[in-house]
Structures are given as structure tokens and as C-alpha cells.
Amino acid sequence: MIFYFSGTGNSAWAARQLARLTGDKAYDITNLNQLPDLDSVGQIGFVFPVYAWGAPEIMAEFAKKLPRTQSFTFGVCTCGGDAGLAMKQFSKVYPLSSSYSLVMPNNYIIGSDTDNEGEIRQKITAARAELERMAQEIQQQEPVYRVHEGGLAGVKSHLVSFGFNKFARSAKPFFAEDRCNGCGLCMRNCPAHAITLRDGKPIWAAQCFQCLRCINECPQQAIQYGKSTAGRRRYTIRRYLPQDEQ
């Protein structure tokens, strides 16, 4: 049983690929109405993006509620490069037998633009090969720690991650430009349920998860975050996947 949280699709794709390769099933935690029965489960996996070198709060809170079992457990964090101590911190929430980081295309366009087309395709190709390697190790229940922590991992995963969750998750800078057609996709797909429509335009609550799904998936590219995202490209992994991986 593999649980995942995903903003623009990187972690969802990785979770589904691992499920396919290991004969398992992947579940979006935002669509689970009740905690699953884990008594007869052979393995438990968690797949999620790294936010400021830490696990998303929604995934950590979900894992805290899960009962402990004797099953083999593993975690995979998707990231643009360094993961910091994200997996070691998460393993304190729910103990992991194996931990991995998986480099995927950049989607945090508040901080920088997306990767270019060539870089995106190269990263996805490399990720496919790495997921196959992970799947073999998971099936053999090998204890593995293959996480690229990067420099100053402790500083990033403690101070920076704390600052992100405390101060940088404000949703107030989000706004919709005039080309917004009021389709409501952002509201329906927001995992934090932080968006409502008012007079046909999206309005954001005070805080959200900062997954940026609303910005990246907007069909009109009408959503911005202050001045940080103006002129930057949008990214969702579906654009780069064959039909059978959608």
C-alpha cells in the first residue's frame, strides 16, 4: 500500500510507477475518507514532495495517525536536488525501513522558473530508471538510505523548513488576472481546500500548503503569486507522459 501527496503530479506519478512495478496500489491521501486497515499489508510506502527541505505538513499529519505494523516501510521524496534531512525527520514520525530521494523537474515557480524542456525530459527519463531500481530493492525488502541530503542539511531542514511553515505559506499573494474565466478548476483541485469562488473569481484563504497546483494547472495561466510568478513558465508532469501513464 503506497500513500502519496502531490501538487503538480511528480509524486503522484512516482507513486503510481512504484505501485505498478511492485504489484501494489497507490492512494492519494487527500481522497481517503478514513484510515485504511493495515493489518494484512506486506509493505507501506509514502511518496511526497520536499517543501523547504521537509515533508509537507499534510503528509506528516496523515502518517501520525497511521497505526504501526510489522510491515516493510519505505519513503520516497521528490525534489529538485537536495532533500536535506526530510526523510530522517519523517522517519521519526513514521519509522521507515528504506528512504529515497528522487530528482524531478522543478515546479516551485515562486522561487525560480521551471526547468527547460530538455532538462524536464532528461530528469523524467532518469527518474524512470531510478524507480525501477527502487522497486527491485523494495520487493527484496532491502534496507536502503539513498537520499541526497546536500550541504547544510541540518540548517535547511530545521531553520529554513520551520520558517517556511511559519511564515512562507501565506496564500494572500495569490490572485487571478482578468483572463480567468471562472472555470473553478483551482477550487476543485486545491488539496488544502483554501480556494473559493466569489463572483466567478477565485479567492484564497489566509494559508495553504504552497503546492502551487492552482498556478501550474490553470488552463488560462491566469493565476499569479504577487510579482514572483509573472512571466514564468508553468509545469505539470502530465504534459510529458505517455497516455498509459496519465
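Shown above is the structure to which this text applies.
Since the model is a prediction, treat every value here as computed from it, not as a measurement. (Residues numbered from 1 in each chain as written. Predicted model: local features only at pLDDT ≥ 70, side-chain atom pairs only at ≥ 80, totals over all residues. Heavy atoms only, no water.)

**Overview of the pattern of salt bridges**
Line of reasoning, step 1. Per the counting criterion, the structure on display carries 15 salt bridges.
Line of reasoning, step 2. Of the charged contacts in the structure, one is a salt bridge between Glu 61 and Lys 64, with a shortest N-O distance of 3.1 Å. Of the two residues, Glu 61 and Lys 64 both sit in helix α2 (residues 57-65), three residues apart, roughly one turn of that helix.
Line of reasoning, step 3. The exposure class assigned to Glu 61 is partly exposed, which follows from its relative accessible area of 35%.
Line of reasoning, step 4. Arg 133 is paired through a salt bridge with Glu 130; the nearest N and O atoms lie 4.0 Å apart. Of the two residues, Arg 133 and Glu 130 are both situated in helix α4 (residues 117-139); the distance of three residues between them amounts to about one turn of the helix.
Line of reasoning, step 5. Judged by relative accessible area, Arg 133 falls into the partly exposed class, the value being 43%. (Salt bridge = Lys/Arg side-chain N within 4 Å of Asp/Glu carboxyl O. Helix = DSSP H or I, 4+ residues; strand = E, 2+ residues; numbered from the N terminus. Buried < 20%, exposed > 50% of the residue type's maximum accessible area, 1.4 Å probe, protein only.)

**As for empty space enclosed by the protein**
Empty space among the atoms becomes visible once a probe the size of a water molecule is rolled across them.
Line of reasoning, step 1. For the coordinates displayed, the defined rule picks out three cavities of 30 Å³ or more.
Line of reasoning, step 2. Taken as a whole, the largest cavity spans an internal volume of roughly 130 Å³.
Line of reasoning, step 3. What lines the largest cavity is a set of 18 residues, and nearest its centre among them are Cys 183, Leu 185, Cys 186, Cys 218 and Ile 223.
Line of reasoning, step 4. Counting residues per element, the ones that place at least two in the lining of the largest cavity are α6 (185-189) and α7 (213-217).
Line of reasoning, step 5. Taken as a whole, the second largest cavity spans an internal volume of roughly 70 Å³.
Line of reasoning, step 6. Contributing to the lining of the second largest cavity are Cys 190, Pro 191, Ala 192, Ile 195, Trp 204, Cys 208, Phe 209, Gln 210, Cys 211, Leu 212, Arg 213 and Cys 214.
Line of reasoning, step 7. Here the lining of the second largest cavity is built from residues that sort into 10 nonpolar, one polar and one charged. (1 Å grid on protein atoms, 1.4 Å probe; cavity = no way out; pocket = protein on both sides within 12 Å on 5 of 7 lines; lining within 4 Å. Points joined across faces, edges and corners; volume = space filled by probe spheres on them. Nonpolar A, V, L, I, M, F, W, Y, C, P; charged D, E, K, R; others polar.)

**Section: the side chain of Arg 234**
Line of reasoning, step 1. The topology assignment puts Arg 234 in the segment after β10 (223-225).
Line of reasoning, step 2. With no salt bridge to any partner, buried Arg 234 finds its closest opposite charge in Glu 177, at an N-O distance of 6.3 Å.
Line of reasoning, step 3. A distance of 2.7 Å separates a polar atom in the side chain of Arg 234 from the backbone oxygen of Ile 223.
Line of reasoning, step 4. In terms of polar contacts, Arg 234 uses its side chain to reach the backbone carbonyl oxygen of Arg 232, at 2.8 Å. (Lys, Arg positive; Asp, Glu negative; His and termini not counted. Polar contact = N/O pair within 3.5 Å; in protein donor to acceptor, adjacent residues only side chain to side chain.)

**Thoughts on the layout of surface pockets**
Line of reasoning, step 1. Each pocket or cavity is described by its volume, and for the largest pocket that value is around 550 Å³.
Line of reasoning, step 2. Lining the largest pocket are 27 residues, with Val 50, Tyr 51, Ala 52, Gly 80 and Tyr 108 positioned closest to its centre.
Line of reasoning, step 3. Per-element tally for the lining of the largest pocket: the top contributor is helix α5 (residues 153-167), with three residues.
Line of reasoning, step 4. In the lining of the largest pocket, the residues fall into 13 nonpolar, 12 polar and two charged.
Line of reasoning, step 5. The computed volume of the second largest pocket comes to approximately 340 Å³.
Line of reasoning, step 6. Lining the second largest pocket are 16 residues, and of these Ala 55, Ala 60, Gln 89, Ser 161 and Asn 165 lie nearest its centre.
Line of reasoning, step 7. Where the lining of the second largest pocket is concerned, the elements lending two or more residues are α2, α3 (86-93) and α5.

By themselves, these observations are geometric and do not establish any function.
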